[in-house]
Amino acid sequence: MRKLIMAAASIAALAFTSQASAADSPIVIKSSHVVAADTPKGKAADKFKELAEKYTDGKVKVEVYPNSTLYKDKEELEALQLGAVQMLAPSNSKFGPIGIREFEVFDLPYILPDLKTLRKVTDGPLGAKLLKLLDAKGMTGLAYWDNGFKQMSANKKLITPADYKGLKFRIQSSKVLEAQFRSLGAIPQVMAFSDVYQALQTGVVDGQENTWSNMYTQKMHEVQKYATVTNHGYIGYVVVVNKKFWDGLPADVRDACAKAKKEATDYGKNTVDKENDDALEEIKKSGKTEIIALSADQNEAMRKAMLPVYKDVASRVGQPLIDEFLKETGRSPMH
Ligand code: LMR
């Protein structure tokens, strides 16, 4: 796979050089992602395409590849660094394998009560500081995009922490998520998003955590008997571009793309709640997955069971960063 990505990167570099010299052939931005087009990220990516092409008067052509059709989770970041693809929006949980652990702070259980609190972080100095970390890896962080809050699903009713014991759960490649499932006595298994449906169907894993939108558009509800409303964590994205490519764009084109990115981000923010609410309704309507609501006491028991995660990952994510995050959000691990 690496060879293929390298070959694609060389072709992309050649194309970029010749595009820069041929005034009338557009600069191509390949934008790859792993979710369905009909999701918060898919819609924001399509909106960026529409606006970037409009604002540059066609000087830029954006090719959007949804649903892991171009690259899967792990490959896409490698491909971006090598220049085989120019734009991505991986979730916060996926930067660990390329050596940036700090975004995993967003994965801490119950650290974000709502999207308003999230925005205090992403739109403030801490959000900007985190984006700067990407420079050293040959990427420029342009924005944060939303998906929403995660829910748990399995073929077994998940009500108390004890219900998770011994079950295998698919996770994204985040050590915080690994610690989260271990705190429940479950067995976490890192897996690409594109493989989750089949893994659930064949019983390779028993359950998973995700947003309603991702569950519905990947048809996970067809292979999971129960889903519990937990809102225990958040999935959001970091929009990243290849730094060399971005810095090399003519200034007017870069400015127009930055404007398109900003408007696509605002558009995404306004659609996200509806996307997840609609997806939940569709799952309910399908009658295939029973939706379980927890009482306040049951919620509290889940939160308490996951509290040790904050200590377990302090050395990986960095205690000062966790403290800064909690200060920004006005939370404490004991909230
Ligand atoms: C996942 O792997 O579960 C999610 O990060 C997929 C996505 O991009 O929303």
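In this report, the structure presented in the accompanying data block is examined. (Residues numbered from 1 in each chain as written. Predicted model: local features only at pLDDT ≥ 70, side-chain atom pairs only at ≥ 80, totals over all residues. Heavy atoms only, no water.)

### Describing the pattern of salt bridges
Spelled out, the test is: Salt bridges are identified by distance alone: a Lys or Arg side-chain nitrogen within 4 Å of an Asp or Glu carboxyl oxygen. A run of DSSP states H or I qualifies as a helix once it reaches four residues; a run of E qualifies as a strand once it reaches two. Both are numbered from the N-terminal end. Burial classes: relative accessible area under 20% of the type maximum marks a residue as buried, over 50% as exposed, and values in between as partly exposed (1.4 Å probe, protein chains only).
Enumeration over the complete set of coordinates arrives at 23 salt bridges. Among the salt bridges present, the one from K94 reaches D73, with a minimum N-O distance of 2.7 Å. Residue K94 is found in the loop between β3 (87–88) and α4 (115–122), and its partner D73 is found in helix α3 (residues 73–82); the two are separated by 21 residues along the sequence. Here the two residues K94 and D73 agree in accessibility, since each one is buried. Several salt bridges converge on common partners, so that one network encompasses D38, K43 and E275.

### Quick look at the packing of helix α2 (residues 40–55) against helix α10 (residues 251–286)
Rules: Only the contacting stretch of a helix is used when fitting its axis, a line to C-alpha atoms as for every element, and angles between N-to-C directions run 0 to 180 degrees. Here roughly perpendicular refers to angles of 65 to 115 degrees, roughly parallel to angles under 35, roughly antiparallel to angles over 145, and oblique to all remaining angles. Left-handed is the label given to a crossing in which the near helix is rotated counterclockwise from the far helix by less than a right angle, and right-handed is the label when the rotation is clockwise. Throughout, a residue-residue contact means that at least one pair of heavy atoms, one from each residue, lies within 4.5 Å. Each residue is assigned to one of three groups, with Ala, Val, Leu, Ile, Met, Phe, Trp, Tyr, Cys and Pro labelled nonpolar, Asp, Glu, Lys and Arg labelled charged, and all others, Gly among them, labelled polar.
Two numbers describe how α2 lies on α10: the axes approach to 8 Å, and their chain directions differ by 150°. On the basis of their axis angle, the class for α2 and α10 is roughly antiparallel. For α2 against α10, the interelement crossing comes out right-handed. Packed against α2, whose contacting residues are P40, K43, A44, K47, F48, L51, A52 and Y55, the element α10 presents A256, C257, K259, A260, K261, E263, A264, Y267, V272 and E275 at the interface. Partitioned by chemical class, the residues of the contact of α2 with α10 number twelve nonpolar, no polar and six charged.

### Here's the deal with the nonpolar core
Rules: Each nonpolar core is a collection of buried residues, namely Ala, Val, Leu, Ile, Met, Phe, Trp, Tyr and Cys, held together in the definition by side-chain atoms within 4.5 Å.
With 57 residues, the main nonpolar core has F95, F103, F106, L108 and L134 as its most contacted residues. Those residues in contact with L108 that lie beyond four places of it in its chain are V176, H232, V309, Y310, V313 and I322. Residues I27, M87, F193 and A199 belong to the second largest nonpolar core, which totals 41 residues.

### Remarks on the sheet that holds strand β10 (residues 234–242)
Spelled out, the test is: We call two strands paired when DSSP finds no fewer than two bridges between them.
Across the sheet, which stays open at both edges, the five strands sit in the order β2-β1-β3-β10-β4 with mixed pairing between neighbours. The sheet terminates laterally at β2 (60–65) and β4 (139–149), the two strands that pair on one side only. Note: strand β1 (residues 27–32) against β3, two bridges, orientation parallel. By the bridge assignment for β3, S31 is matched with M87.

### What about the site of the ligand?
The test is simple: When we say a residue is near a molecule or strand, we mean one of its heavy atoms is within 4 Å of it. A 3.5 Å cut-off defines polar contacts: any pair of N or O atoms within that distance qualifies, except that in protein one atom must be a possible hydrogen donor and the other a possible acceptor, and neighbouring residues in sequence count only when both atoms are side-chain atoms. Only the protein chains shown count as cover for residues, with accessible areas throughout obtained via the Shrake-Rupley method and a probe of 1.4 Å.
Near the ligand the following residues occur: V34, V35, K41, S91, K94, R170, Q172, F193, N210, N214 and Y237. Note that an oxygen atom of the ligand is positioned 2.7 Å from one of the side-chain N or O atoms of Q172. Interatomic distance of 2.8 Å between a side-chain N/O atom of N210 and an oxygen atom of the ligand. The fraction of the free accessible surface of the ligand (270 Å²) that becomes covered by protein chains is 100%.

### Topic: the side chain of S32
Summarising the element assignment, S32 is placed in strand β1. Relative accessible area serves as the criterion here: at 1%, S32 is assigned to the buried category.

### Considering the environment of Y216
Along the chain, Y216 turns up in helix α8 (residues 212–217). When the C-alpha positions of Y216 and K261 are compared, they lie 26 Å apart, and in sequence the two are 45 residues distant. Once residues lying within four places of it in the same chain are set aside, the contact partners of Y216 are H221, A279, E282 and I283.

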